[in-house]
Amino acid sequence: LDPSEDHRLIEVGLIEIADGSVSNFYYHQYFNTERRIDPGAVEVHGITNEFLAPWPSFKEEGRTLLNIIDGHELIIHNAPFDLGFLNNEISLTMPGEPPLEQRCRITDTLLLARKLHPGQRNSCSALIDRYRVDVSIYEDAYAGALYDAVLLAQIFLKMRIENDL
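Parameters and conventions
Numbering of residues begins from 1 in every chain and follows the order in which that chain's sequence is written. The predicted nature of this model means local features are confined to residues of pLDDT at least 70 and side-chain atom pairs, given and counted, to a pLDDT of 80 or more, with totals for whole chains, interfaces and linings taken over all residues. Only hydrogens and water are set aside; all other atoms, that is, all heavy atoms of the structure, feed into the side-chain values. Both cavities and pockets are sets of points on a 1 Å grid over the protein atoms alone; in a cavity a 1.4 Å probe fits but cannot get out, in a pocket the set is open with protein on both sides within 12 Å along at least five of seven lines, and lining residues sit with an atom within 4 Å of a point. Grid points are joined across faces, edges and corners, and a volume is the space filled by probe spheres set on the points. Ten residues, namely Ala, Val, Leu, Ile, Met, Phe, Trp, Tyr, Cys and Pro, are considered nonpolar, four, namely Asp, Glu, Lys and Arg, are considered charged, and the remaining ones, Gly among them, are considered polar. Strands were regarded as paired on the criterion that DSSP finds at least two bridges between them. The helix count covers DSSP runs of H or I at least four residues long, the strand count covers runs of E at least two residues long, and both are numbered beginning at the N terminus. Burial here depends on accessible area, computed with a 1.4 Å probe over protein chains only, as a share of the maximum for the residue type. Under 20% is buried, over 50% is exposed, and the range in between is partly exposed. Each C-beta atom gives one direction from the helix axis, and the arc is the one those directions make. Any two residues whose heavy atoms approach within 4.5 Å at even a single point are treated as in contact.

Draft legend 1. Structural detail: empty space enclosed by the protein. Scanning all chains against the criterion turns up one cavity of 30 Å³ or more. Here the largest cavity is characterised by a volume of approximately 30 Å³. Along the walls of the largest cavity sit Arg-8, Leu-9, Phe-31, Asn-32, Thr-33, Glu-34, Ser-57, Phe-58 and Glu-89, which together make up its complete lining. Residues that form the lining of the largest cavity fall into these classes: three nonpolar, three polar and three charged.

Draft legend 2. The arrangement of the pairing of strand S1 (residues 11-18) in detail. With seven bridges joining them, S1 and strand S2 (residues 21-30) adopt antiparallel strand pairing. If you follow Val-12 over to S2, its bridge partner there is Gln-29. What sits between S1 and S2 in their antiparallel hairpin is a turn of two residues, with Asp-19 showing a positive phi close to 55 degrees.

Draft legend 3. Molecular detail of helix H3 (residues 58-69). When H3 is considered as a whole, its buried residues turn out to be Phe-58, Glu-61, Gly-62, Leu-65, Leu-66 and Ile-69. All buried residues of H3 fall inside an arc of 155 degrees around its axis, so they share one side. Pointing more than 90 degrees away from the buried face of H3 are the exposed residues Glu-60 and Asn-67. Looking at the buried residues of H3, the elements they touch are S1, S2, strand S3 (73-76) and helix H4 (79-93). A positive backbone phi angle near 80 degrees is found at Gly-71, which sits one or two residues after H3.

These figures come from the coordinates and say nothing about function on their own.
What follows is the structure in structure tokens.
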């Protein structure tokens, strides 16, 4: 999946970390891409055009997302991938708006993990195992990108505690 090949952002999930723990504030949104989703992409994430049809486009809902994240720190695993999609949507639908790197601080947990654990696997799955994140307590409460955000928040908090960051 690559925004330079006209792939589009279809889902965003955010969860707030405040005072060293996950808060009750979250944002989860699907976006109608207003284009046909490639069959290969559907195989990766399982989200179809039919599912996305009633959801707003990024042009309609993107301002809400930007208002939430402006000035905050974003914790992202493999940030260039997600930022590529997010910044592409911003440039396509909000000409003149600055990219996320100019709007907020970005912390890439993949880069952080590579510094802390050089030569080891540092995928989210590997970090879940390494930091003993209990995924079972979230499986029924969250879906898709929001589920991923909750897990990454737990990984990040444990990384900070166990590595004195």
